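# Observations on chain architecture
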Amino acid sequence: MSYLMQQERQVGEIVLAVGLDQPSVSKHLGVLRRVNLVRVRRNGRHRLYRTNAVAIRPLHEWTETFERYWQHQLNRVKDRAEAEMKREQESE
């Protein structure tokens, strides 16, 4: 998605960038269009795709909840590991 935020891209460009075959990329773009996460504009025979940032914002905000949760969990793991290391060093 960030690749499409920078500028509009043709399917062929996207295929080369992500390393998938054209039918797979087209299928994914179709799904993203249906849920309004990308926009498409015709330019002659070409279709140009771009991220719909307005539609992505609520998704980004929703995932931040999980990011905060996992960051908290990772901090707990780090604290426990550091405490264990300190105990081991003190016992030597």
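Thresholds applied
In this numbering scheme, every chain counts its residues from 1 along its sequence in written order. Confidence filtering applies because this is a predicted model: local features only for residues at pLDDT of at least 70, side-chain atom pairs given and counted only at 80 or more, and all residues used for totals across whole chains, interfaces and linings. Only heavy atoms go into the side-chain values, all of them from the structure, while hydrogens and water stay out. Secondary structure follows DSSP: runs of H or I at least 4 residues long count as helices, runs of E at least 2 residues long count as strands, and numbering of each begins at the N terminus. Type-normalised accessible area, obtained with a 1.4 Å probe on protein chains alone, sets the label of each residue: buried when under 20%, exposed when over 50%, and partly exposed for intermediate values. Contacts are assigned to residue pairs that have any heavy atoms within 4.5 Å of one another. Only the protein chains shown count as cover for residues, and all accessible areas are computed by the Shrake-Rupley method using a 1.4 Å probe. A positive count includes Lys and Arg, and a negative count includes Asp and Glu. His and the chain ends are not counted in either. Positions of charges follow a simple convention, taking NZ of Lys, CZ of Arg, CG of Asp or CD of Glu. By this definition, two strands are paired if DSSP reports at least two bridges between them.

Going by the annotation in an unreviewed UniProt entry, the name recorded for the protein chain is HTH arsR-type domain-containing protein, with Candidatus Sulfuritelmatomonas gaucii given as the source organism.

All right, on to the overall build of the protein chain then. The helix and strand tally for the protein chain stands at four helices and three strands. Along the chain direction, N to C, the helices and strands of the protein chain fall in the order α-β-α-α-β-β-α. Over its C-alpha atoms, taken along the principal directions, the protein chain stretches across nearly 75 × 30 × 20 Å. Counting only residues that meet the buried cut, the protein chain has 16% of its 92 residues in that class. Excluding contacts between residues fewer than 6 apart, the proportion of contacts in the protein chain whose partners are at least 24 apart in sequence is 40%. Working note: accessible area of the protein chain is about 7,700 Å², and carbon and sulfur atoms make up 54% of it. For the protein chain, the distance from the average position of its 17 positive side-chain charges to the average position of its 12 negative side-chain charges is 17 Å.

So, on to the pairing of strand S2 (residues 38–43). Pairing of S2 with strand S3 (residues 46–51) involves six bridges; the strand directions are antiparallel. Within S3, the position partnered with Val-40 by the bridge is Tyr-49. Taking the residues between adjacent antiparallel strands as the criterion, S2 and S3 are bridged by two residues, where Gly-44 takes a positive phi near 65°.

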